[in-house]
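Analysis of the macromolecular model
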Amino acid sequence: MTRPALDDRTADAGGERVAADLPPVPPTHIALEMVQPPRDPRWKRRVAGGAAVLVLIAGGGSTGAYLTDQYLESRPAAASAGVTTLTEGSDLAPIVARVQPSIVTVLVDSARSSSLGSGVVLTSDGLILTNNHVVAADGTVSVRLSTGQTAPARVVATDASHDLALVQASGLSGLTPVTFAGDDSVAVGDTVLAFGAPLGLEGTVTSGIVSALDRSLDTGDEKLTGLLQTDAAINQGNSGGALVDMSGRVIGINVAIATAGDSTGSVGLGFAIPAGTVTSVVSQLQAKVR
């Protein structure tokens with residue numbers, strides 16, 4: 001179910017999971033983790049005050065304006081083109097069918113270990129956006145499309161402070177890029193869908209609502225601010241995947257979850273980097289590449 005080779009190969013690797021401390025949060029007793037499958041199942045937990053915290057590493061001018069115009073769907077003409085708006089109680093299948101081709105699985109393989117996360121298509125020729133922690137480990141990167149096709153890829157730009165990275169897949173064409181919403185279109189209570197490969201189960205979609213705005217998290221490696229909070233089920237492997245509104249627009253990139261006690265699964269507290277931050281960072285990163 002979860003790419004057995006990932007777990008089987010890392011079981012004998014002898015490596016250790018890197019853990020990082022966050023400031024104590026005694027009232028909530030939560031663990032914050034990057035939502036990607038651990039490369040080594042023997043990860044260790046370090047306790048800081050009342051909070052058990054772990055980070056699962058990596059497996060834990062004109063160009064910028066063009067990118068913003070291309071990906072940020074804020075103009076009336078763009079918003080009306082090909083958008084299927086769903087209301088409460090509507091069948092979610094049409095929006096899933098529209099978005100799923102734009103979601104990929106990002107794989108990182110080395111002699112010692114393998115790991116995976118998720119990503120979204122930015123250009124028809126295979127420019128992929130994912131989390132920096134998904135591709136931070138040394139290894140060979142590849143991308144698997146929703147069709148099952150796998151293509152070699154390379155990391156072309158990263159922004160560790162925002163936990164975002166660009167990956168360029170080779171030999172691809174005709175892909176369907178995602179469309180980003182504006183941050184001002186997101187409200188608490190909005191229905192959302194989370195896309196990705198939780199626990200290695202590629203092509204998974206979960207649903208929920210935006211449960212809070214402007215959350216700040218300290219993972220130990222990054223201090224992330226302005227995050228969206230959602231109760232849509234997000235688990236390890238969802239890192240870099242899309243949080244999508246009912247018009248099929250990406251409102252955030254899944255990045256972290258909070259867990260309770262010894263649990264490592266979803267408890268309805270997931271976090272995503274908002275679209276406004278994402279499009280700004282993508283513009284800067286691609287400007288450097290070009």
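See the structure shown above.
Reading the values: rules and limits
- Residues numbered from 1 in each chain as written.
- Predicted model: local features only at pLDDT ≥ 70, side-chain atom pairs only at ≥ 80, totals over all residues.
- Heavy atoms only, no water.
- Helix = DSSP H or I, 4+ residues; strand = E, 2+ residues; numbered from the N terminus.
- Areas by Shrake-Rupley, 256 points an atom, 1.4 Å probe, with all protein chains shown as cover.
- Buried < 20%, exposed > 50% of the residue type's maximum accessible area, 1.4 Å probe, protein only.
- Polar contact = N/O pair within 3.5 Å; in protein donor to acceptor, adjacent residues only side chain to side chain.
- Contact = heavy atoms within 4.5 Å.
- Salt bridge = Lys/Arg side-chain N within 4 Å of Asp/Glu carboxyl O.
- Expected span 1.5 Å × (residues − 1).
- Pairing = 2+ DSSP bridges.
- Core = buried A, V, L, I, M, F, W, Y, C linked by side-chain atoms within 4.5 Å.
- Axes fitted to C-alpha atoms, helices over the stretch in contact; angles between N-to-C directions.

Once that is clear, we can look at the overall build of the chain. Tallying secondary structure elements over the chain gives 6 helices and 17 strands in all. Here the chain has roughly 11800 Å² of accessible surface; of this, 53% comes from carbon and sulfur atoms.

Turning to its location among the elements, Gln-229 is positioned in strand β14 (residues 223-230). Residue classification places Gln-229 among the buried positions, given a relative accessible area of 9%. Only 2.7 Å separates the side chain of Gln-229 from the side chain of Arg-215, close enough to count as a polar contact. Sequence-distant contacts of Gln-229, defined by excluding residues within four places in its chain, comprise Ile-209, Val-210, Ser-211, Ala-212, Arg-215, Leu-269, Gly-270 and Phe-271.

What the rule picks out here adds up to 2 salt bridges. Between Arg-144 and Glu-202 there is a salt bridge; the shortest N-O distance is 2.4 Å. Taken together, the residues span a long stretch of sequence, with Arg-144 in strand β8 (residues 140-144) and Glu-202 in the loop between β12 (191-196) and β13 (204-218) at a distance of 58 residues. Taking the relative accessible area as the measure of exposure, Glu-202 reaches 32% and is therefore partly exposed.

An α-helical turn contains 3.6 residues, so a residue and the one three or four places further along point in the same direction. In this model helix α6 (residues 275-289) runs 21 Å from its N-terminal to its C-terminal C-alpha over 15 residues, within 8% of the 21 Å that 1.5 Å per residue would give. Among the residues making up α6, those that are buried are Ala-275, Val-278, Thr-279, Val-281, Val-282, Ser-283, Leu-285 and Gln-286.

Okay, unusual backbone geometry next. Working note: non-glycine residues mostly have negative phi, and peptide bonds are mostly trans. Positioned with a positive phi, Asp-163 is a non-glycine residue whose angle comes to about 55°. Position of Asp-163 among the secondary structure elements: in the loop between β9 (150-159) and β10 (164-169). Within the chain, Leu-199 stands out as a residue other than glycine whose phi angle is a positive 55°. Tracing the backbone through its elements, the reader meets Leu-199 in the loop between β12 and β13.

Attention shifts here to the pairing of β14. Across 5 bridges, the pairing between β13 and β14 is antiparallel. Its bridge partner lying in β14, Val-210 is registered against Thr-230. Counted along the chain from β13 to the antiparallel partner β14, the turn is 4 residues long, and its residue Gly-220 has a positive phi close to 100°. The sheet contact formed by β14 and strand β17 (residues 270-274) spans 3 bridges and is antiparallel. Of the residues in β17, the one forming a bridge with Leu-228 is Ala-272.

So, on to the environment of Ile-103. Along the chain, Ile-103 falls in strand β5 (residues 103-109). It is 7.3 Å that separates the C-alpha atoms of Ile-103 and Ser-118, two residues lying 15 residues apart in sequence. Here Ile-103 is in contact with Gly-119, Val-120, Ser-146, Phe-195, Gly-196 and Ala-242, once residues within four sequence places are set aside.

Ranked by internal contacts, the top residues of the largest apolar core, which has 33 residues, are Val-120, Leu-122, Leu-129, Leu-166, Phe-180 and Val-278. Look past the residues within four positions of Leu-129 in its chain and what remains in contact with it is Ser-118, Gly-119, Val-120, Leu-122, Leu-164, Ala-165, Leu-166, Phe-180, Gly-240, Ile-253, Val-278 and Val-282.

Strands sit in the order β5-β6-β7-β10-β9-β8 around a closed barrel of 6 strands; the barrel is antiparallel. Each strand of the sheet is rotated relative to its neighbour by a mean of 40°, with strand direction disregarded. Judged from the 6 bridges that link them, β9 and β10 form a sheet pairing that is antiparallel. When the sheet's bridge partners are listed, Val-155 is paired in β10 with Val-167.

Nothing here speaks to function; it is geometry throughout.
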